[in-house]
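Okay, here's what each chain looks like letter by letter:
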Amino acid sequence: MRHTPFAQCAPRALTRLGLALTAFATLGLSAAANAAPTDFPDKPITVVVPFPAGGPTDASARLFARAMGDNLGQPIVVDNRAGAAGTVGSAWVARAGADGYTLLWGGTSTLAVAPKLYKNLKYDAKSFIPVGMALRGPLMLAGRQGLAPNTLPELLKYAKDQALTVGSAGNGSIGHLATEYLKERAHIPLTHVPYRGGSPAITDALGGQIDLVFDTAAALAPYIKSGKLKAYAVTGAQPYAPLPQVALMKSAVDGYEAYSWFGLVAPANTPAPVVQKLSQAFAKAAQSDEVRRELAATGVEPGVAGAAEFAKVIGADFAKWSALITRANVRADD
């Protein structure tokens, strides 16, 4: 079984990059596969989470780490290496030994956005091999309670003539990209307001300092349920389970769909048999009752099945967000 870096799945605009990566992956993995250990794993595995401990990203990584460790017969240790919007820990894994013992809990921002957004990044699209996609969750557009529109169509009409502000977790964040995507597809002149994290943006929406906030549905759901913010839309392909009454963005904005997702990747050149064994353990973990129950409780959807399908998601989102970053001239925070 041959594994290739995720950028190969990008559209025609990235054909040259894809061809180069194909050659890189084929040569590297062919050699590595011959030297693959037959007793893998024979010691603990480390999964690097490139964000602080205690948040939902960290919790999902630990959930899968426990289940995978049981399947592999070795403990999986979660190592939080936060910094620079997740790129510090991601770069560290990219430079780690390609032996299957150091893995990355990667997401939309670190795998599909950062390689285009940051000019001096210490990793790129050929640095990782997908193991498995754990989960995906839609984003949500919510507004302050005093805002006049109550429905998505009303909001889109209202926004054409009003100078509405939209807060996000920062320049280049998935909330920022979702805002630019909405401006482009709905033809409305929204003003983006970047914050250093999602919580400050939500706080200012609660206080009325900004009109709207774009963040993950999971982050905004408690404020919708309590009535402190009003939900206008979620960006998934299907209704958001904890708040099924909230409109789908695509119901009023043709073709609009966006997700925040997370999954496991290994450094490029990790031996194919090792990646295959990790992928099998990951797939088994994803089907366990505990994992399925915990994911359902947070309102996120299971990830796509299989490493190859995960690679397609990464490649498609890399192409989508890279093109938007160029068109909208999105710049990262300093």
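Structure: above.
Structural notes, computed from the coordinates. Given the structure is predicted, the values throughout are model-derived calculations rather than measurements.

## Concerning the overall build of the chain
Looking only at helices and strands, the chain features eleven helices and ten strands. When burial is assessed residue by residue, the chain has 51% of its 334 residues classed as buried. Here the analysis covers contacts within the chain between residues at least 6 apart in sequence; of these, 79% occur between residues at least 24 apart. Carbon and sulfur atoms make up 52% of the accessible area of the chain, which totals about 14,500 Å².

## Notes on helix 6 (residues 174–186)
Across its 13 residues, helix 6 extends 18 Å between first and last C-alpha, which sits within 8% of the 18 Å expected from 1.5 Å per residue. Across the 13 residues that make up helix 6, a large majority, ten, are buried. Among all positions of helix 6, only Ile174, Gly175, His176, Leu177, Ala178, Thr179, Glu180, Tyr181, Leu182 and Ala186 are buried.

## Details of the pattern of salt bridges
Counted according to the given criterion, the structure contains nine salt bridges. In this structure, the salt-bridge partner of Arg66 is Glu290, at a minimum N-O distance of 3.4 Å. Taken as a pair, Arg66 in helix 2 (residues 56–72) and Glu290 in helix 10 (residues 289–298) lie far apart in primary sequence, 224 residues in all. Residue Glu290 is classed as partly exposed on the basis of its relative accessible area, which comes to 32%. Among the ionic pairs, Asp79 bridges to Arg81, the shortest N-O distance being 2.8 Å.

## Description of empty space enclosed by the protein
According to the stated counting rule, one finds one cavity of 30 Å³ or more in the structure shown. Of the volumes computed, that of the largest cavity is approximately 40 Å³. Classifying every residue of the lining of the largest cavity gives nine nonpolar, no polar and no charged.

## Points about the pairing of strand 6 (residues 191–194)
In this sheet, strand 6 lies alongside strand 5 (residues 165–168) in parallel orientation, the contact comprising four bridges. Bridged to Ser168 within strand 6 is Pro194. Running through helix 6, the crossover from strand 5 to the neighbouring parallel element strand 6 is right-handed.

Reading the values: rules and limits
Think of each chain on its own: its residues are numbered from 1, step by step along the sequence as written. Two thresholds apply to this predicted model, a pLDDT of at least 70 for residue-level local features and 80 or more for giving and counting side-chain atom pairs, whereas whole-chain, interface and lining totals are computed over all residues. To get the side-chain values, all heavy atoms of the structure are used, and hydrogens and water are removed first. A run of H or I in DSSP becomes a helix once it reaches four residues, and a run of E becomes a strand once it reaches two; helices and strands are each numbered from the N terminus. A simple rule labels every residue: compare its accessible area, found with a 1.4 Å probe on the protein chains alone, to the largest value its type can have, and call it buried under 20%, exposed over 50%, or partly exposed in between. Throughout, a residue-residue contact means that at least one pair of heavy atoms, one from each residue, lies within 4.5 Å. Each accessible area is a Shrake-Rupley estimate made with a 1.4 Å probe; only the visible protein chains count as cover when residues are assessed. Any helix carries an expected span of 1.5 Å times its number of residues minus one. In what follows, salt bridge is the name for a side-chain nitrogen of Lys or Arg lying within 4 Å of a carboxyl oxygen of Asp or Glu. Using only the protein atoms, space was sampled on a 1 Å grid; points where a 1.4 Å probe fits but cannot get out form cavities, open sets with protein on both sides within 12 Å along at least five of seven lines form pockets, and lining residues are those with an atom within 4 Å of a point. Grid points are joined across faces, edges and corners, and a volume is the space filled by probe spheres set on the points. Classes in brief: Ala, Val, Leu, Ile, Met, Phe, Trp, Tyr, Cys and Pro nonpolar; Asp, Glu, Lys and Arg charged; the others, Gly included, polar. Should DSSP find at least two bridges between two strands, the strands are regarded as paired. Consider the strands pointing away from the viewer: the crossover is right-handed when the path from the first strand over the helix to the second runs clockwise.

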